[in-house]
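Reading the structure
One letter stands for each residue in the lines below.
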Amino acid sequence: MKKILFVCTGNICRSPTAEAVLRQMATNENKTVQVDSAGTGDWHSGAAPDPRACDAASYRGYRMDGMIARQVQREDFTNFDVLYAMTAEHLAYLHELAPRALQHKALLFLADTMGKEEDVPDPYYGGDVGFEQMMDLLEAGCENIIKKIP
């Protein structure tokens, strides 16, 4: 079973939404995957996802009920096959956190899934357009992850 962790800043917008998207896509395609999300910081630990992210996900058929923000831990590198960073900054953080032998598990989400050396923009300080753009990128990337899972 493939084990995937999505990582963003506070674990309330991009990474939990990616978790919800991949989980639903895996269910729809009868694929077995363990998926979770975390943030590089602990600002929102214990909090539910941002309501705007929940609304954007719900509008497209993804549920984020029961998700709780947490901070990424060093142990996540042994518990997951891949840790997808939403930005180059998150990737740098993960490379610093990772045991040297496991740094290869941390990948930039759009680079690995779509061949784009780009960040998934943070919609937190923007409006609805930012959340729609986030959804478009997460769905496209997660579709490519699903295609690689046997």
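Attention in this report is confined to the structure presented alongside it. As the structure is a prediction and not an experimental result, all values here were calculated from the model.

1. Structural notes on the pattern of salt bridges
- Considering all chains together, one arrives at ten salt bridges under this definition.
- Arg-14 serves as the salt-bridge partner of Asp-122, at 3.5 Å between the closest nitrogen and oxygen. With a gap of 108 residues between them, Asp-122 in the loop between helix 5 (109–114) and helix 6 (128–148) and Arg-14 in helix 1 (residues 14–28) connect regions that are remote in the sequence.
- A residue is classified by how much of its surface remains accessible, and Asp-122, at 40% relative accessible area, is partly exposed.
- Put simply, Arg-60 and Glu-139 hold a salt bridge, and the shortest N to O gap is 2.6 Å. Taken as a pair, Arg-60 in the loop between helix 2 (51–59) and helix 3 (76–79) and Glu-139 in helix 6 lie far apart in primary sequence, 79 residues in all.
- Classification of Glu-139 by relative accessible area gives buried; the value is 15%.
- Taken together, the shared-partner salt bridges connect Arg-60, Glu-132, Asp-136 and Glu-139 into one network.

2. Some words on the packing of aromatic side chains
- Applying the stated rule across the entire model yields four aromatic pairs.
- Relative to Tyr-84, the ring of Phe-6 has its centre 5.9 Å away and its plane inclined at 20 degrees; by these criteria the two rings are stacked. With a gap of 78 residues between them, Phe-6 in strand 1 (residues 2–8) and Tyr-84 in strand 3 (residues 82–85) connect regions that are remote in the sequence. Accessibility classification places Phe-6 together with Tyr-84 in one group, the buried group.
- Seen from their ring centres, Tyr-84 and Phe-109 are 5.6 Å apart, and the 85 degrees between their planes marks the pair as edge-to-face.

3. Quick notes on the nonpolar core
- Formed by 35 residues in total, the largest nonpolar core has its most connected members in Ile-4, Phe-6, Leu-22, Met-86, Phe-109, Val-120 and Ile-145.
- Of all elements in the fold, only strand 1, helix 1, strand 2 (33–39), helix 2, strand 3, helix 5 and helix 6 reach the threshold of two or more residues within this core.
- Ranked by the residues each element gives to this core, the list is headed by helix 6, at eight residues.
- In terms of nonpolar packing, the next biggest core, distinct from the first, is built from 15 residues, Val-7, Ala-38, Phe-80 and Leu-83 among them.

4. Digging into helix 6
- Taking 1.5 Å per residue, 21 residues should reach 30 Å; helix 6 reaches 31 Å between its end C-alpha atoms and fits that length.
- Listing the buried residues of helix 6 in full gives Gly-130, Phe-131, Met-134, Met-135, Leu-137, Leu-138, Glu-139, Gly-141, Cys-142, Ile-145 and Ile-146.
- Close packing links the buried residues of helix 6 with strand 1, helix 1, helix 2, strand 3 and helix 5.

5. Regarding the sheet that holds strand 1
- Read from one edge to the other, the open sheet built from four strands follows the order 2-1-3-4, with strand pairing classed as parallel. The open sheet is flanked by strand 2 and strand 4 (106–108), the only strands paired with a single partner. Mean inter-strand twist for the sheet, computed between neighbouring axes without regard to direction, equals 25 degrees.
- The pairing of strand 1 with strand 3 spans four bridges and is classified as parallel. Looking at the pairing, Val-7 lines up with Ala-85 of strand 3.

6. Re the environment of Asp-81
- With respect to the helices, strands and loops of the structure, Asp-81 is situated in the loop between helix 3 and strand 3.
- When the C-alpha positions of Asp-81 and Gly-127 are compared, they lie 33 Å apart, and in sequence the two are 46 residues distant.
- With residues near it in sequence (within four places) discarded, Asp-81 still touches Met-1, Lys-2, Lys-3 and Lys-105.
- Within the structure, the side chain of Asp-81 is placed 2.7 Å from the backbone nitrogen of Lys-3, a separation counted as a polar contact.

Rules used throughout
- Residues numbered from 1 in each chain as written.
- Predicted model: local features only at pLDDT ≥ 70, side-chain atom pairs only at ≥ 80, totals over all residues.
- Heavy atoms only, no water.
- Salt bridge = Lys/Arg side-chain N within 4 Å of Asp/Glu carboxyl O.
- Helix = DSSP H or I, 4+ residues; strand = E, 2+ residues; numbered from the N terminus.
- Buried < 20%, exposed > 50% of the residue type's maximum accessible area, 1.4 Å probe, protein only.
- Phe/Tyr/Trp six-rings, centres within 6.5 Å; stacked < 30°, edge-to-face > 60°.
- Core = buried A, V, L, I, M, F, W, Y, C linked by side-chain atoms within 4.5 Å.
- Expected span 1.5 Å × (residues − 1).
- Contact = heavy atoms within 4.5 Å.
- Pairing = 2+ DSSP bridges.
- Axes fitted to C-alpha atoms, helices over the stretch in contact; angles between N-to-C directions.
- Polar contact = N/O pair within 3.5 Å; in protein donor to acceptor, adjacent residues only side chain to side chain.

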